[in-house]
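# Coordinate analysis (summary)
Next come the chains, spelled out residue by residue.
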There are 2 protein chains.
Amino acid sequence: MIITSFSNPKVKAIRKLEEKKARQATGLFFIEGLRTVGEAIQTGAPIEALVVAPELLVSEFGQSLLAHPSVRDVEQITVSGEIYQKIAHKQGPQGIGALVRQKWASLNSLPISPEGFWLVLDQIADPGNLGTIMRTADAVGCQGIILLGPSTDPHDPTAVKASMGSLFSLDLVAADWEAFNAWRVEHHITLVGTSDSAQTDYQAVAYQPPLALLMGSERHGLPEEMVNACDALVCIPMRGRADSLNLAVATAVVLYEIYNQSRKT
Amino acid sequence: MIITSFSNPKVKAIRKLEEKKARQATGLFFIEGLRTVGEAIQTGAPIEALVVAPELLVSEFGQSLLAHPSVRDVEQITVSGEIYQKIAHKQGPQGIGALVRQKWASLNSLPISPEGFWLVLDQIADPGNLGTIMRTADAVGCQGIILLGPSTDPHDPTAVKASMGSLFSLDLVAADWEAFNAWRVEHHITLVGTSDSAQTDYQAVAYQPPLALLMGSERHGLPEEMVNACDALVCIPMRGRADSLNLAVATAVVLYEIYNQSRKT
């Protein structure tokens with residue numbers, strides 16, 4: 001049966017997931033598009049249902065995703081193209097989405113290895129920034145992202161879209177500062193923070209794993225308590241009139257320095 | 001006289017500038033916020049009018065901007081807090097904006113120096129990316145940004161906001177590929193492009209100014225014609241599942257490599 005009504009309870013439940021409240025209440029989130037659904041399936045994300053608009057799902061890759069062993073027994077919600085377009089919030093959607101269970105890791109469940117490399121974000125506010133950062137973190141081989149304090153939600157549609165499927169390759173942890181710091185001290189994980197007022201050039205440090213890179217929020221940077229706890233504090237030099245960088249850019253610049261050093265050893 | 005009506009012609013004209021059509025017809029754009037207006041005033045941007053909501057403009061820095069010599073004789077449009085909030089599209093605005101004349105440079109007006117360093121973007125589509133890129137380009141000392149083909153508008157409100165005032169520190173040029181390439185050949189400017197399929201690591205190249213870094217669009221990368229014209233073609237290595245980076249991130253990673261090399265010579 002193809003759902004053609006916006007008032008269908010399943011359609012309404014999917015659209016509700018645009019709100020954080022509904023995501024928290026259900027533990028689910030909705031993903032959309034060949035690329036993102038493909039990453040979810042291929043990385044074995046806990047998919048609860050596929051949402052398919054047969055008239056839009058014309059690509060061979062899309063068809064092959066439906067036949068993937070890991071979703072063969074998963075419920076398929078079939079909707080009309082019109083309904084799908086409304087759910088996807090975009091022109092020309094590819095006709096495949098999924099309801100996925102959120103997967104949060106705890107600090108103590110994280111595997112610790114000598115090459116461990118985590119990104120820690122304090123109170124990040126912008127879901128687009130978080131999504132872009134997840135994409136970069138995945139590209140340089142971070143194991144996971146640890147979100148400190150009140151943060152934007154990595155399962156927010158804007159974050160999911162910007163991450164291009166990378167959120168399925170990362171361990172995601174929400175923690176408070178004290179618990180995180182105790183965990184990283186216990187496991188001898190070096191903590192490197194960034195600050196505009198730091199004296200050390202980010203290229204002057206030898207980044208030795210296991211390592212956690214700590215970035216402050218868009219508006220406030222790192223609070224003093226965190227600055228004081230860092231093993232090293234680095235700055236990114238600039239020479240124009242600009243005296244700061246976008247958070248996703250600043251994070252990428254330091255992540256690539258860490259990654260580049262590891263490529264050369 | 002304080003304007004309190006949304007139907008006031010000046011208020012309507014300001015709001016119209018959210019649309020590209022009105023920006024093209026008038027050659028103006030609207031900027032908003034202490035930081036951005038401050039950069040415009042301090043860099044001598046061609047401000048045609050200041051827009052002030054006295055009840056919101058409470059900071060000392062804001063007051064000092066109104067008294068700046070370069071805007072002493074500029075028209076002040078005074079509006080109520082309610083009107084200003086509507087114009088500014090945000091909660092808690094700081095009560096200062098400006099109508100600014102767009103300043104486009106032509107290729108032939110660009111000063112050429114042995115240290116010249118330009119960023120060239122082909123058909124960039126997302127104004128947020130363009131704004132973030134302007135902020136990064138300013139931070140590393142780029143002289144200007146050359147936009148090839150149909151592009152998003154650097155004066156789009158989203159681009160202006162993301163640039164954090166950096167658009168006033170950069171020469172902005174709109175050009176077609178043939179004119180740009182002829183210009184850069186004539187002035188012996190090395191052209192470096194980026195491509196996923198390039199064989200050369202972006203860190204393996206010695207970036208010698210005068211230099212232009214060429215980045216492709218979000219969706220399509222660089223067309224073959226441009227790839228073939230480049231003096232060097234570089235890739236950014238990745239090791240996760242991600243096989244590409246956000247355009248503003250990729251641009252920042254290469255810009256910082258170029259900047260870092262120049263800092264060490």
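Residues numbered from 1 in each chain as written. Chains lettered and ligands numbered in written order. Predicted model: local features only at pLDDT ≥ 70, side-chain atom pairs only at ≥ 80, totals over all residues.

### Comments concerning the overall build of chain A
Put simply, the rule is: Secondary structure is summarised from DSSP: a helix means a run of H or I of at least four residues, a strand means a run of E of at least two, and numbering begins at the N terminus for each. Values of the radius of gyration come from C-alpha atoms, whereas the globule rule sets the reference at 2.2 Å times the count of residues to the power 0.38. Note on burial: count the other C-beta atoms lying within 10 Å of the residue's C-beta; 20 or more is buried, 12 or fewer is exposed, in between is partly exposed, and C-beta positions come from the backbone. Working definition of a contact: two residues with C-beta atoms, positioned from the backbone, lying within 7 Å.
If you tally the helices and strands in chain A, you get 10 helices and 11 strands. Computed over C-alpha atoms, the radius of gyration of chain A comes to 20 Å, within 12% of the 18 Å expected from 2.2 N^0.38 for 265 residues, which places it in the range of a compact globule. A buried classification covers 44% of the 265 residues belonging to chain A. Long-range pairs, those at least 24 residues apart, make up 83% of the contacts in chain A with a sequence separation of at least 6.

### Let's talk about the sheet that holds strand E7 (residues 171-175) of chain A
Residue and element names in this part refer to chain A. Formally: Between any two strands, pairing holds if DSSP finds at least two bridges.
Taken together, seven strands build an open sheet; the order of strands is E7-E6-E5-E10-E8-E11-E9 and the sheet is parallel. One side of each edge strand has no neighbouring strand; the edge strands of this open sheet are E7 and strand E9 (200-201). In this structure, strand E5 (residues 117-122) lies alongside strand E6 (residues 144-148), joined through five bridges in parallel fashion. Bridged to Asp-122 within E6 is Leu-148.

### A few points about the interface of chain A and chain B
As a reminder, the rule being used: Classification used: nonpolar for Ala, Val, Leu, Ile, Met, Phe, Trp, Tyr, Cys and Pro, charged for Asp, Glu, Lys and Arg, polar for all others including Gly.
If you look at the interface, chain A gives 27 residues, while chain B gives 27 residues. It is helix H10 (residues 247-263) of chain A that contributes the most residues to the side of chain A that touches chain B, seven residues altogether. In the side of chain A that touches chain B, the residues fall into 12 nonpolar, nine polar and six charged.

### Points about the relation of the copies chain A and chain B
Condition: In superposing the copies, a least-squares fit is computed on C-alpha atoms, taking residues whose pLDDT is at least 70 in both.
Least-squares fitting of chain A to chain B yields an RMSD of 0.0 Å, with the transformation described by 0.0 Å of translation along the axis and a rotation of 180 degrees. On this basis, the relationship between the two copies can be described by a two-fold rotation axis. Here 100% of the interface residues in chain A have copies in chain B that are interface residues too; the copies meet face to matching face.

### Observations concerning the sheet that holds strand E5 (residues 117-122) of chain B
Residues and elements named next belong to chain B. Which entries qualify depends on this criterion: Helix axes use the C-alpha atoms of the stretch in contact, all axes being lines fitted to C-alpha atoms, and the angles between their N-to-C directions lie in the range 0 to 180 degrees.
Strand order in this open sheet of seven strands is E7-E6-E5-E10-E8-E11-E9, and the pairing throughout is parallel. Because the sheet does not close on itself, it has two edges, and the strands there are strand E7 (171-175) and strand E9 (200-201). Across the face of the sheet, helix H10 (residues 247-263) comes into contact with E5, strand E8 (190-194) and strand E10 (211-215) while running at roughly 160 degrees to E10.

### Observations concerning the domain arrangement of chain A
Residues and elements named next belong to chain A. Operational definition: For the purposes of this description, domain bounds are those given by an automatic or database domain assignment.
In terms of domains, chain A is made up of domain 1 (9-101) and domain 2 (107-263). Centre-to-centre separation of domain 1 and domain 2, based on C-alpha positions: 30 Å. Of the residues lining the interface, 12 residues belong to domain 1; the matching set on domain 2 comes to eight residues. By residue number, the principal contributor to the side of domain 1 that touches domain 2 is helix H3 (residues 34-42), which donates five residues. Looking at side-chain class alone, the side of domain 1 that touches domain 2 contains four nonpolar, three polar and five charged residues.

### Looking at unusual backbone geometry
Cis geometry marks the peptide bond from Pro-209 of chain A to Pro-210 of chain A, where omega comes out at -5 degrees. Here Pro-210 of chain A is to be found in the loop between E9 and strand E10 (211-215). Its identity as a non-glycine residue notwithstanding, Gln-123 of chain A has a phi of 50 degrees, on the positive side. Checked against the element boundaries, Gln-123 of chain A lands in the loop between E5 and helix H6 (127-139). A positive phi angle, close to 55 degrees, is found at Met-164 of chain B, a residue other than glycine. In this structure, Met-164 of chain B sits in the loop between helix H7 (157-163) and E7. For Met-164 of chain B, a count of 23 C-beta atoms within 10 Å translates into the label buried.

### Section: helix H8 (residues 177-186) of chain A
Residues and elements named next belong to chain A. Quick reminder of the rule: Taking the helix axis as origin, the arc is that swept by the directions to the C-beta atoms.
Listed as buried for H8 are Phe-180, Asn-181 and Arg-184. What you see down the axis of H8 is that its buried residues fit within an arc of 95 degrees, all on one side. The outward face of H8, more than 90 degrees from its buried face, is lined by the exposed residues Glu-178, Ala-182 and Glu-186. In this fold, the buried residues of H8 make contact with E5, E6, E7, strand E8 (190-194), E10 and helix H9 (224-229).

### Focus: the packing of helix H6 (residues 127-139) of chain B against H10 of chain B
All names here are of chain B. This is how it is decided: Any angle that is under 35 degrees is reported as roughly parallel, and any over 145 degrees as roughly antiparallel; angles of 65 to 115 degrees are reported as roughly perpendicular and all others as oblique. In this scheme the crossing of two helices becomes right-handed for a clockwise turn of the near helix relative to the far one and left-handed for an anticlockwise turn of less than a right angle.
In the contact formed by H6 and H10, the axes pass within 9 Å of each other and the chain directions differ by 15 degrees. Classified by the interaxial angle, the pair formed by H6 and H10 is roughly parallel. By crossing handedness, the relation of H6 to H10 is classed as right-handed. Taken together, the residues of H10 that come into contact with H6 (itself represented by Asn-129, Thr-132, Ile-133, Thr-136 and Ala-137) are Leu-247, Ala-248, Thr-251, Ala-252 and Leu-255. When grouped by side-chain class, the residues that make up the contact of H6 with H10 number six nonpolar, four polar and no charged.

### A word on the confidence of the model for chain A
What counts here: The predictor reports its confidence for every residue as pLDDT, a score running from 0 up to 100.
Predicted confidence across chain A gives a mean pLDDT of 95, with 100% of residues reaching 70 or more. For this predicted complex, the interface confidence reaches an ipTM of 0.95, while the overall pTM sits at 0.95.

### Section: the pairing of strand E1 (residues 28-32) of chain A
Each regular strand shows side chains that alternate between the opposite faces of the sheet. Residues and elements named next belong to chain A. In terms of burial, E1 is largely enclosed, as five of its five residues are buried. Residues Leu-28, Phe-30 and Glu-32 line one face of E1 and the alternating positions Phe-29 and Ile-31 line the opposite face, and both faces are buried. The pairing of E1 with strand E4 (residues 96-101) spans five bridges and is antiparallel. Along E4, the bridge assignment pairs Glu-32 with Gly-97.

### Describing the environment of Ser-169 of chain B
Here Ser-169 of chain B shows up in the loop between H7 and E7. Note on Ser-169 of chain B: 23 C-beta atoms within 10 Å, which makes it buried. Along the primary structure Ser-169 of chain B and Ala-139 of chain B are separated by 30 residues, whereas in three dimensions their C-alpha atoms are 9.8 Å apart. Not counting residues up to four positions away in its chain, the partners in contact with Ser-169 of chain B are Gly-240 and Arg-241 of chain A together with Thr-43 and Asp-138 of chain B.

### Structural notes on the pairing of strand E11 (residues 232-235) of chain B
All names here are of chain B. Both E8 and E11 contribute to a ladder of three bridges, which runs parallel. Within E11, the residue paired with Gly-193 across the bridge is Leu-233. Both E9 and E11 contribute to a ladder of two bridges, which runs parallel. What sits directly across from Asp-201, in E11, is Cys-235.

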